[in-house]
Amino acid sequence: MEGKKDIGFEISNKEKNPDWLKKVREYYGGEVHSHSRWSNRGEIEGGGKERIVHNETRLLEYADKLDLDFVVFSEHASDPGSPVELSESHPICQSLLREKQGIDGINLSGKYKAKAFSAAEASIFFDKNGKAVIDLPDIVLSKLVLVIASRHAIAEQREPAKIKESFLAAINNPEVDIIGHPDRNIEFYEYDWRYFKKYWRKDPVVKQELEELERNEKWDEIKQIIGKKELKDDEQIKELNRKFLELKEGYWQVWDEILRTMEEKGKAFEINLNSFNPNKKFYHSLLERAVKYEDLNFSIVFDFHNLKQLGSLGSQDSTVEKPEGIKNPSRAKGVQRLLDLINILETLGVGSDRIINSSIENLQEFINKRDEQRKFHYSEKSGDKELGDIKLMS
(Lines give C-alpha, C1' and ligand atoms only; values in the text may rest on other atoms or scores of the structure.)
Protein backbone atom coordinates (compact mmCIF):
# COMPACT_ATOMS: atom_id res chain seq x y z
CA MET A 1 0.00 0.00 0.00
CA GLU A 2 2.20 2.77 -1.28
CA GLY A 3 1.62 6.26 -0.03
CA LYS A 4 0.55 5.32 3.50
CA LYS A 5 2.17 7.27 6.29
CA ASP A 6 4.83 5.74 8.52
CA ILE A 7 3.18 6.72 11.79
CA GLY A 8 0.58 3.96 11.97
CA PHE A 9 0.82 1.58 14.93
CA GLU A 10 2.95 4.20 16.69
CA ILE A 11 6.35 2.80 15.78
CA SER A 12 9.47 4.40 17.18
CA ASN A 13 11.61 6.77 15.14
CA LYS A 14 14.40 4.23 14.60
CA GLU A 15 11.94 1.77 13.01
CA LYS A 16 10.42 3.92 10.30
CA ASN A 17 9.35 1.18 7.86
CA PRO A 18 9.98 -2.30 9.30
CA ASP A 19 9.16 -5.40 7.24
CA TRP A 20 6.37 -6.44 9.59
CA LEU A 21 4.56 -3.13 9.00
CA LYS A 22 4.62 -3.60 5.22
CA LYS A 23 3.10 -7.05 5.68
CA VAL A 24 0.40 -5.80 8.06
CA ARG A 25 -0.60 -3.00 5.71
CA GLU A 26 -0.81 -5.40 2.79
CA TYR A 27 -3.40 -7.60 4.54
CA TYR A 28 -5.16 -5.30 7.00
CA GLY A 29 -6.44 -1.90 5.87
CA GLY A 30 -9.24 -1.48 8.39
CA GLU A 31 -11.53 -3.20 10.88
CA VAL A 32 -14.79 -4.80 9.73
CA HIS A 33 -15.98 -6.15 13.10
CA SER A 34 -16.14 -3.68 15.99
CA HIS A 35 -18.67 -2.72 18.65
CA SER A 36 -19.48 0.72 19.97
CA ARG A 37 -21.79 1.98 22.74
CA TRP A 38 -24.74 1.01 20.52
CA SER A 39 -24.04 -2.66 21.33
CA ASN A 40 -24.68 -1.89 25.01
CA ARG A 41 -28.44 -2.30 25.25
CA GLY A 42 -28.91 -3.52 28.81
CA GLU A 43 -31.69 -0.99 29.44
CA ILE A 44 -33.75 -2.33 26.49
CA GLU A 45 -35.76 -5.51 26.87
CA GLY A 46 -33.99 -8.29 24.95
CA GLY A 47 -30.74 -6.34 24.68
CA GLY A 48 -27.32 -7.42 25.91
CA LYS A 49 -24.92 -5.54 28.16
CA GLU A 50 -21.36 -5.04 26.91
CA ARG A 51 -18.42 -4.01 29.07
CA ILE A 52 -16.23 -1.01 28.27
CA VAL A 53 -17.61 -0.28 24.82
CA HIS A 54 -16.63 3.11 23.41
CA ASN A 55 -18.53 5.64 21.35
CA GLU A 56 -18.00 5.81 17.60
CA THR A 57 -15.79 8.87 17.67
CA ARG A 58 -13.38 7.26 20.15
CA LEU A 59 -12.99 4.24 17.86
CA LEU A 60 -12.47 6.46 14.82
CA GLU A 61 -9.80 8.44 16.68
CA TYR A 62 -8.11 5.13 17.45
CA ALA A 63 -8.34 4.09 13.79
CA ASP A 64 -6.77 7.37 12.72
CA LYS A 65 -3.98 6.83 15.24
CA LEU A 66 -3.26 3.44 13.64
CA ASP A 67 -3.59 4.94 10.16
CA LEU A 68 -6.44 2.60 9.23
CA ASP A 69 -8.67 3.47 6.29
CA PHE A 70 -12.04 2.44 7.73
CA VAL A 71 -14.01 1.06 10.67
CA VAL A 72 -17.18 -1.01 10.36
CA PHE A 73 -19.52 -0.70 13.37
CA SER A 74 -21.12 -4.14 13.56
CA GLU A 75 -23.42 -3.85 16.56
CA HIS A 76 -25.09 -6.66 18.46
CA ALA A 77 -28.86 -6.64 18.33
CA SER A 78 -30.58 -8.88 20.88
CA ASP A 79 -28.51 -10.29 23.74
CA PRO A 80 -25.96 -12.66 22.11
CA GLY A 81 -26.19 -14.92 25.16
CA SER A 82 -29.97 -15.22 24.84
CA PRO A 83 -30.99 -14.11 21.34
CA VAL A 84 -34.60 -13.51 20.27
CA GLU A 85 -36.23 -12.55 16.98
CA LEU A 86 -36.91 -8.82 16.76
CA SER A 87 -39.52 -6.91 14.79
CA GLU A 88 -38.62 -3.89 12.67
CA SER A 89 -40.34 -1.60 15.19
CA HIS A 90 -38.41 -2.99 18.18
CA PRO A 91 -36.29 -0.31 19.96
CA ILE A 92 -33.10 -2.25 19.13
CA CYS A 93 -33.86 -2.20 15.40
CA GLN A 94 -34.71 1.47 15.64
CA SER A 95 -31.40 2.17 17.41
CA LEU A 96 -29.49 0.45 14.57
CA LEU A 97 -31.16 2.80 12.09
CA ARG A 98 -30.38 5.80 14.29
CA GLU A 99 -26.75 4.78 14.48
CA LYS A 100 -26.66 4.58 10.69
CA GLN A 101 -27.89 8.17 10.52
CA GLY A 102 -25.20 9.20 13.01
CA ILE A 103 -22.47 7.43 11.04
CA ASP A 104 -23.60 9.11 7.83
CA GLY A 105 -23.28 12.43 9.64
CA ILE A 106 -19.80 11.60 10.94
CA ASN A 107 -18.59 10.78 7.43
CA LEU A 108 -20.06 14.01 6.06
CA SER A 109 -18.25 16.01 8.75
CA GLY A 110 -14.86 15.01 7.31
CA LYS A 111 -13.37 15.05 10.83
CA TYR A 112 -11.75 11.61 10.58
CA LYS A 113 -9.50 10.11 7.95
CA ALA A 114 -10.98 6.68 8.52
CA LYS A 115 -14.34 6.10 6.88
CA ALA A 116 -17.14 4.67 9.05
CA PHE A 117 -19.60 2.02 7.88
CA SER A 118 -22.88 0.97 9.52
CA ALA A 119 -23.43 -2.74 10.09
CA ALA A 120 -24.83 -5.30 12.51
CA GLU A 121 -23.71 -8.59 13.98
CA ALA A 122 -26.86 -10.68 13.89
CA SER A 123 -27.10 -13.76 16.11
CA ILE A 124 -27.86 -17.17 14.61
CA PHE A 125 -29.91 -19.43 16.86
CA PHE A 126 -32.75 -21.98 16.94
CA ASP A 127 -36.21 -20.63 17.74
CA LYS A 128 -38.75 -22.34 20.00
CA ASN A 129 -39.86 -24.50 17.07
CA GLY A 130 -36.31 -25.69 16.42
CA LYS A 131 -35.87 -23.65 13.24
CA ALA A 132 -32.53 -21.91 12.57
CA VAL A 133 -33.09 -18.15 12.37
CA ILE A 134 -31.27 -14.84 12.90
CA ASP A 135 -32.45 -12.19 15.34
CA LEU A 136 -32.83 -9.23 12.96
CA PRO A 137 -35.51 -8.89 10.25
CA ASP A 138 -34.38 -8.64 6.64
CA ILE A 139 -35.94 -5.21 6.16
CA VAL A 140 -33.62 -3.78 8.84
CA LEU A 141 -30.57 -5.65 7.55
CA SER A 142 -31.25 -4.27 4.06
CA LYS A 143 -30.67 -0.71 5.28
CA LEU A 144 -27.18 -1.43 6.62
CA VAL A 145 -23.99 -1.47 4.57
CA LEU A 146 -22.78 -4.84 5.88
CA VAL A 147 -24.24 -7.69 7.90
CA ILE A 148 -22.26 -10.24 9.92
CA ALA A 149 -24.12 -13.31 11.20
CA SER A 150 -22.56 -15.29 14.06
CA ARG A 151 -23.37 -18.18 16.37
CA HIS A 152 -23.10 -17.15 20.03
CA ALA A 153 -25.41 -19.16 22.29
CA ILE A 154 -26.87 -22.06 20.35
CA ALA A 155 -28.52 -25.37 21.24
CA GLU A 156 -26.61 -28.60 20.49
CA GLN A 157 -23.69 -26.57 19.20
CA ARG A 158 -21.45 -29.63 18.60
CA GLU A 159 -24.02 -31.64 16.64
CA PRO A 160 -22.80 -31.64 12.98
CA ALA A 161 -26.35 -31.51 11.61
CA LYS A 162 -27.08 -28.47 13.80
CA ILE A 163 -23.82 -26.80 12.81
CA LYS A 164 -24.80 -27.17 9.16
CA GLU A 165 -28.41 -26.09 9.63
CA SER A 166 -27.53 -22.97 11.63
CA PHE A 167 -24.80 -21.75 9.29
CA LEU A 168 -26.76 -22.48 6.12
CA ALA A 169 -29.73 -20.50 7.45
CA ALA A 170 -27.48 -17.42 7.55
CA ILE A 171 -25.51 -18.20 4.39
CA ASN A 172 -28.72 -18.57 2.36
CA ASN A 173 -30.07 -15.26 3.65
CA PRO A 174 -29.37 -12.70 0.89
CA GLU A 175 -28.97 -9.89 3.43
CA VAL A 176 -26.05 -11.60 5.24
CA ASP A 177 -22.56 -10.78 3.93
CA ILE A 178 -20.05 -12.28 6.39
CA ILE A 179 -20.16 -15.35 8.62
CA GLY A 180 -18.65 -14.27 11.94
CA HIS A 181 -16.16 -16.36 13.94
CA PRO A 182 -17.43 -19.63 12.38
CA ASP A 183 -14.88 -21.75 14.24
CA ARG A 184 -15.77 -20.57 17.77
CA ASN A 185 -16.73 -23.22 20.34
CA ILE A 186 -16.97 -26.05 17.79
CA GLU A 187 -13.29 -26.92 17.29
CA PHE A 188 -12.71 -30.62 16.59
CA TYR A 189 -9.06 -31.64 16.98
CA GLU A 190 -7.49 -34.74 15.49
CA TYR A 191 -7.73 -36.86 18.65
CA ASP A 192 -10.50 -34.94 20.34
CA TRP A 193 -11.72 -37.06 23.24
CA ARG A 194 -13.29 -33.99 24.87
CA TYR A 195 -15.46 -33.19 21.83
CA PHE A 196 -16.44 -36.86 21.50
CA LYS A 197 -17.40 -37.08 25.17
CA LYS A 198 -19.46 -33.88 25.12
CA TYR A 199 -21.23 -34.92 21.91
CA TRP A 200 -22.34 -38.23 23.42
CA ARG A 201 -23.73 -36.71 26.62
CA LYS A 202 -27.09 -36.92 24.84
CA ASP A 203 -27.03 -40.74 24.99
CA PRO A 204 -27.11 -42.03 28.61
CA VAL A 205 -25.67 -45.45 27.70
CA VAL A 206 -22.68 -44.13 25.72
CA LYS A 207 -22.20 -41.32 28.23
CA GLN A 208 -21.90 -43.87 31.04
CA GLU A 209 -19.42 -45.98 29.04
CA LEU A 210 -17.16 -43.02 28.41
CA GLU A 211 -17.35 -41.78 32.00
CA GLU A 212 -16.46 -45.24 33.31
CA LEU A 213 -13.41 -45.42 31.04
CA GLU A 214 -12.17 -42.13 32.50
CA ARG A 215 -13.08 -42.99 36.06
CA ASN A 216 -11.18 -46.29 35.81
CA GLU A 217 -8.25 -44.53 34.09
CA LYS A 218 -8.43 -46.73 30.99
CA TRP A 219 -6.12 -44.40 29.06
CA ASP A 220 -4.87 -47.08 26.68
CA GLU A 221 -8.46 -47.91 25.64
CA ILE A 222 -9.30 -44.20 25.26
CA LYS A 223 -6.32 -43.76 22.93
CA GLN A 224 -7.58 -46.67 20.85
CA ILE A 225 -11.03 -45.09 20.61
CA ILE A 226 -9.70 -41.77 19.29
CA GLY A 227 -7.20 -43.40 16.93
CA LYS A 228 -4.01 -42.61 18.81
CA LYS A 229 -3.24 -46.30 19.28
CA GLU A 230 -3.91 -49.40 17.23
CA LEU A 231 -7.17 -51.18 18.06
CA LYS A 232 -7.07 -54.43 20.02
CA ASP A 233 -9.63 -57.24 20.01
CA ASP A 234 -12.22 -55.56 22.24
CA GLU A 235 -15.69 -55.18 20.69
CA GLN A 236 -16.77 -52.37 23.02
CA ILE A 237 -13.69 -50.28 22.15
CA LYS A 238 -14.06 -51.06 18.45
CA GLU A 239 -17.67 -49.86 18.50
CA LEU A 240 -16.71 -46.65 20.30
CA ASN A 241 -13.89 -46.11 17.81
CA ARG A 242 -16.42 -46.51 14.98
CA LYS A 243 -18.61 -43.85 16.61
CA PHE A 244 -15.63 -41.52 16.98
CA LEU A 245 -14.57 -41.89 13.33
CA GLU A 246 -18.16 -41.49 12.13
CA LEU A 247 -18.54 -38.26 14.13
CA LYS A 248 -15.21 -36.92 12.88
CA GLU A 249 -15.96 -37.71 9.23
CA GLY A 250 -19.45 -36.21 9.48
CA TYR A 251 -18.05 -33.07 11.11
CA TRP A 252 -15.63 -32.34 8.25
CA GLN A 253 -18.21 -33.24 5.59
CA VAL A 254 -20.44 -30.58 7.11
CA TRP A 255 -17.65 -28.02 6.86
CA ASP A 256 -17.18 -28.82 3.16
CA GLU A 257 -20.87 -28.14 2.51
CA ILE A 258 -20.76 -24.92 4.53
CA LEU A 259 -17.66 -23.63 2.74
CA ARG A 260 -18.94 -24.61 -0.70
CA THR A 261 -22.25 -22.81 -0.08
CA MET A 262 -20.44 -19.72 1.25
CA GLU A 263 -18.43 -19.61 -1.96
CA GLU A 264 -21.54 -20.05 -4.14
CA LYS A 265 -23.47 -17.33 -2.29
CA GLY A 266 -20.57 -14.86 -2.20
CA LYS A 267 -20.24 -14.73 1.60
CA ALA A 268 -16.97 -13.91 3.35
CA PHE A 269 -15.41 -16.20 5.96
CA GLU A 270 -14.34 -14.25 9.05
CA ILE A 271 -10.99 -15.06 10.65
CA ASN A 272 -11.42 -13.68 14.15
CA LEU A 273 -8.13 -12.95 15.90
CA ASN A 274 -9.81 -13.19 19.32
CA SER A 275 -10.31 -16.93 18.88
CA PHE A 276 -7.66 -17.85 16.30
CA ASN A 277 -4.69 -19.67 17.84
CA PRO A 278 -1.65 -20.16 15.56
CA ASN A 279 -0.38 -23.15 17.58
CA LYS A 280 -3.56 -25.23 17.38
CA LYS A 281 -3.85 -27.62 14.45
CA PHE A 282 -7.62 -27.21 14.12
CA TYR A 283 -7.28 -23.64 12.83
CA HIS A 284 -4.70 -24.74 10.26
CA SER A 285 -6.93 -27.65 9.17
CA LEU A 286 -9.99 -25.42 8.75
CA LEU A 287 -8.10 -22.74 6.82
CA GLU A 288 -6.48 -25.37 4.60
CA ARG A 289 -9.96 -26.60 3.74
CA ALA A 290 -11.42 -23.12 3.25
CA VAL A 291 -8.74 -21.75 0.92
CA LYS A 292 -9.33 -24.60 -1.55
CA TYR A 293 -12.58 -22.87 -2.47
CA GLU A 294 -10.91 -20.38 -4.77
CA ASP A 295 -13.76 -17.86 -4.95
CA LEU A 296 -14.23 -17.76 -1.19
CA ASN A 297 -13.02 -14.52 0.38
CA PHE A 298 -12.04 -13.78 3.97
CA SER A 299 -12.10 -10.97 6.50
CA ILE A 300 -9.42 -10.55 9.17
CA VAL A 301 -10.82 -8.95 12.32
CA PHE A 302 -10.02 -8.15 15.94
CA ASP A 303 -13.73 -7.97 16.87
CA PHE A 304 -13.15 -4.91 19.07
CA HIS A 305 -15.42 -4.66 22.11
CA ASN A 306 -12.99 -2.40 23.95
CA LEU A 307 -9.58 -0.93 23.22
CA LYS A 308 -7.86 -2.81 26.04
CA GLN A 309 -8.65 -6.28 24.74
CA LEU A 310 -5.45 -6.62 22.69
CA GLY A 311 -3.57 -6.97 25.97
CA SER A 312 -5.41 -10.21 26.70
CA LEU A 313 -4.11 -11.96 23.58
CA GLY A 314 -1.60 -14.66 24.53
CA SER A 315 1.76 -13.83 22.95
CA GLN A 316 3.06 -17.16 24.30
CA ASP A 317 1.02 -18.84 21.57
CA SER A 318 2.76 -16.86 18.84
CA THR A 319 5.00 -18.40 16.20
CA VAL A 320 6.66 -15.07 15.30
CA GLU A 321 8.97 -12.74 17.15
CA LYS A 322 7.49 -9.74 18.89
CA PRO A 323 7.54 -6.89 16.33
CA GLU A 324 10.18 -4.30 17.12
CA GLY A 325 9.46 -0.65 17.67
CA ILE A 326 5.83 -0.68 18.85
CA LYS A 327 5.48 1.57 21.86
CA ASN A 328 2.26 0.07 23.25
CA PRO A 329 2.73 -3.52 24.59
CA SER A 330 -0.94 -4.45 24.09
CA ARG A 331 -0.84 -3.24 20.50
CA ALA A 332 2.31 -5.31 19.96
CA LYS A 333 0.39 -8.45 20.96
CA GLY A 334 -2.32 -7.64 18.43
CA VAL A 335 0.20 -7.14 15.65
CA GLN A 336 1.97 -10.35 16.64
CA ARG A 337 -1.28 -12.34 16.37
CA LEU A 338 -2.02 -10.72 13.00
CA LEU A 339 1.45 -11.62 11.69
CA ASP A 340 0.93 -15.23 12.82
CA LEU A 341 -2.17 -15.41 10.64
CA ILE A 342 -0.57 -13.66 7.67
CA ASN A 343 2.30 -16.16 7.71
CA ILE A 344 -0.19 -19.04 7.59
CA LEU A 345 -2.16 -17.40 4.77
CA GLU A 346 1.01 -16.83 2.75
CA THR A 347 2.02 -20.46 3.26
CA LEU A 348 -1.41 -21.50 1.94
CA GLY A 349 -1.04 -19.20 -1.07
CA VAL A 350 -3.72 -16.70 0.02
CA GLY A 351 -2.87 -13.20 -1.15
CA SER A 352 -4.34 -9.94 0.10
CA ASP A 353 -6.67 -9.88 -2.91
CA ARG A 354 -8.83 -12.50 -1.14
CA ILE A 355 -9.05 -10.42 2.06
CA ILE A 356 -12.04 -8.08 1.83
CA ASN A 357 -10.59 -5.61 4.36
CA SER A 358 -7.03 -5.51 3.05
CA SER A 359 -7.88 -2.10 1.55
CA ILE A 360 -10.86 0.20 1.28
CA GLU A 361 -10.93 -0.56 -2.44
CA ASN A 362 -11.29 -4.29 -1.74
CA LEU A 363 -14.00 -3.62 0.82
CA GLN A 364 -15.97 -1.40 -1.53
CA GLU A 365 -15.63 -3.98 -4.30
CA PHE A 366 -17.02 -6.65 -1.95
CA ILE A 367 -19.92 -4.39 -0.92
CA ASN A 368 -20.75 -3.61 -4.56
CA LYS A 369 -20.60 -7.27 -5.54
CA ARG A 370 -22.88 -8.26 -2.65
CA ASP A 371 -25.38 -5.56 -3.73
CA GLU A 372 -25.42 -7.03 -7.24
CA GLN A 373 -25.92 -10.54 -5.87
CA ARG A 374 -28.86 -9.34 -3.78
CA LYS A 375 -30.48 -7.67 -6.78
CA PHE A 376 -30.06 -10.86 -8.78
CA HIS A 377 -31.52 -12.92 -5.93
CA TYR A 378 -34.66 -10.80 -5.68
CA SER A 379 -35.12 -10.64 -9.46
CA GLU A 380 -34.88 -14.44 -9.68
CA LYS A 381 -37.44 -15.04 -6.93
CA SER A 382 -40.79 -15.34 -8.67
CA GLY A 383 -43.16 -12.65 -7.45
CA ASP A 384 -40.59 -11.20 -5.04
CA LYS A 385 -39.49 -7.60 -5.00
CA GLU A 386 -36.59 -5.93 -3.26
CA LEU A 387 -37.33 -5.10 0.36
CA GLY A 388 -39.23 -1.89 0.93
CA ASP A 389 -38.56 1.09 3.13
CA ILE A 390 -38.72 1.19 6.91
CA LYS A 391 -39.78 4.12 9.01
CA LEU A 392 -37.72 5.43 11.89
CA MET A 393 -39.97 5.82 14.91
CA SER A 394 -39.94 9.12 16.71
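Residues numbered from 1 in each chain as written. Predicted model: local features only at pLDDT ≥ 70, side-chain atom pairs only at ≥ 80, totals over all residues. Heavy atoms only, no water.

S.K.: Would you mind showing me how to read the pattern of salt bridges here?
M.R.: Under the definition given, this model contains 24 salt bridges. For R184, the salt bridge is made with D303, and the minimal N-O distance between the two is 3.8 Å. Taken together, the residues span a long stretch of sequence, with R184 in the loop between β6 (178-180) and α6 (193-199) and D303 in the loop between β8 (297-301) and α11 (329-347) at a distance of 119 residues. A relative accessible area of 25% places R184 in the partly exposed class. What emerges from the salt-bridge pattern is a single network uniting E175, D177, R370, D371 and R374. (Salt bridge = Lys/Arg side-chain N within 4 Å of Asp/Glu carboxyl O. Helix = DSSP H or I, 4+ residues; strand = E, 2+ residues; numbered from the N terminus. Buried < 20%, exposed > 50% of the residue type's maximum accessible area, 1.4 Å probe, protein only.)

S.K.: For this particular structure, what's the right way to read the environment of A290?
M.R.: Along the chain, A290 turns up in helix α10 (residues 281-291). According to the relative accessible area criterion, A290 is buried, its value standing at 0%. With 32 residues separating them along the chain, A290 and I258 place their C-alpha atoms 9.6 Å apart. Non-local contacts of A290, meaning those with residues more than four positions away in its chain, are made with L259, L296, F298 and R354. (Contact = heavy atoms within 4.5 Å.)

S.K.: Would you mind showing me how to read the pairing of strand β1 (residues 30-34) here?
M.R.: Strand residues, when the strand is regular, have side chains that alternate between the two faces of the sheet. A large share of β1 lies buried, amounting to 5 of its 5 residues. Pairing analysis gives 3 bridges linking β1 to strand β2 (residues 70-76), with the strands arranged parallel. Following the sheet pairing, S34 is matched in β2 by F73. (Pairing = 2+ DSSP bridges.)

S.K.: Mind showing me how you'd approach the packing of helix α7 (residues 204-215) against helix α9 (residues 235-265) here?
M.R.: Two packed helices can be described by the angle between their axes and the distance between those axes. Closest axis-to-axis distance for the α7/α9 pair is 12 Å, and the angle between their directions is 115°. As judged from the angle between their axes, α7 and α9 are roughly perpendicular. In the crossing of α7 with α9, the sense of the turn from one axis to the other is left-handed. Contact residues: α7 offers V206, E209, L210 and L213, while α9 offers Q236, I237, L240 and K243. Here the contact of α7 with α9 is composed, by residue class, of 5 nonpolar, 1 polar and 2 charged. (Axes fitted to C-alpha atoms, helices over the stretch in contact; angles between N-to-C directions. Parallel < 35°, antiparallel > 145°, perpendicular 65-115°, else oblique. Left-handed = near helix turned anticlockwise from the far one by under 90°. Nonpolar A, V, L, I, M, F, W, Y, C, P; charged D, E, K, R; others polar.)

S.K.: For this particular structure, what's the right way to read the side chain of H76?
M.R.: Relative to the elements of secondary structure, H76 occurs in strand β2. Assessed through its relative accessible area of 4%, H76 is described here as buried. Side chain to side chain, H76 and E121 meet in a polar contact 3.4 Å long. (Polar contact = N/O pair within 3.5 Å; in protein donor to acceptor, adjacent residues only side chain to side chain.)

S.K.: Please explain the packing of α9 against α10 as it appears in this structure.
M.R.: Where α9 meets α10, the closest approach of the two axes is 10 Å, and the angle between their N-to-C directions is 45°. Of the possible angle classes, the one that applies to α9 and α10 is oblique. Both α9 and α10 take part in a crossing whose hand is right-handed. Between α9 and α10, the contacting residues are Y251, W252, W255, D256 and L259 on the first element and F282, S285, L286, R289 and A290 on the second.

S.K.: Looking at this structure, I do not really get empty space enclosed by the protein. What am I missing?
M.R.: Unfilled space is identified by rolling a water-sized probe across the atoms. Tallied over the entire structure, the rule returns 4 cavities of 30 Å³ or more. Space inside the largest cavity adds up to approximately 140 Å³. Together, 18 residues line the largest cavity, and Y28, Y62, L66, L68 and F304 are the ones closest to its centre. Secondary structure elements with two or more residues in the lining of the largest cavity: β1, α2 (56-65) and α11. For the lining of the largest cavity, a count of residues per class yields 14 nonpolar, 2 polar and 2 charged. Put simply, the second largest cavity is a space of about 50 Å³. (1 Å grid on protein atoms, 1.4 Å probe; cavity = no way out; pocket = protein on both sides within 12 Å on 5 of 7 lines; lining within 4 Å. Points joined across faces, edges and corners; volume = space filled by probe spheres on them.)

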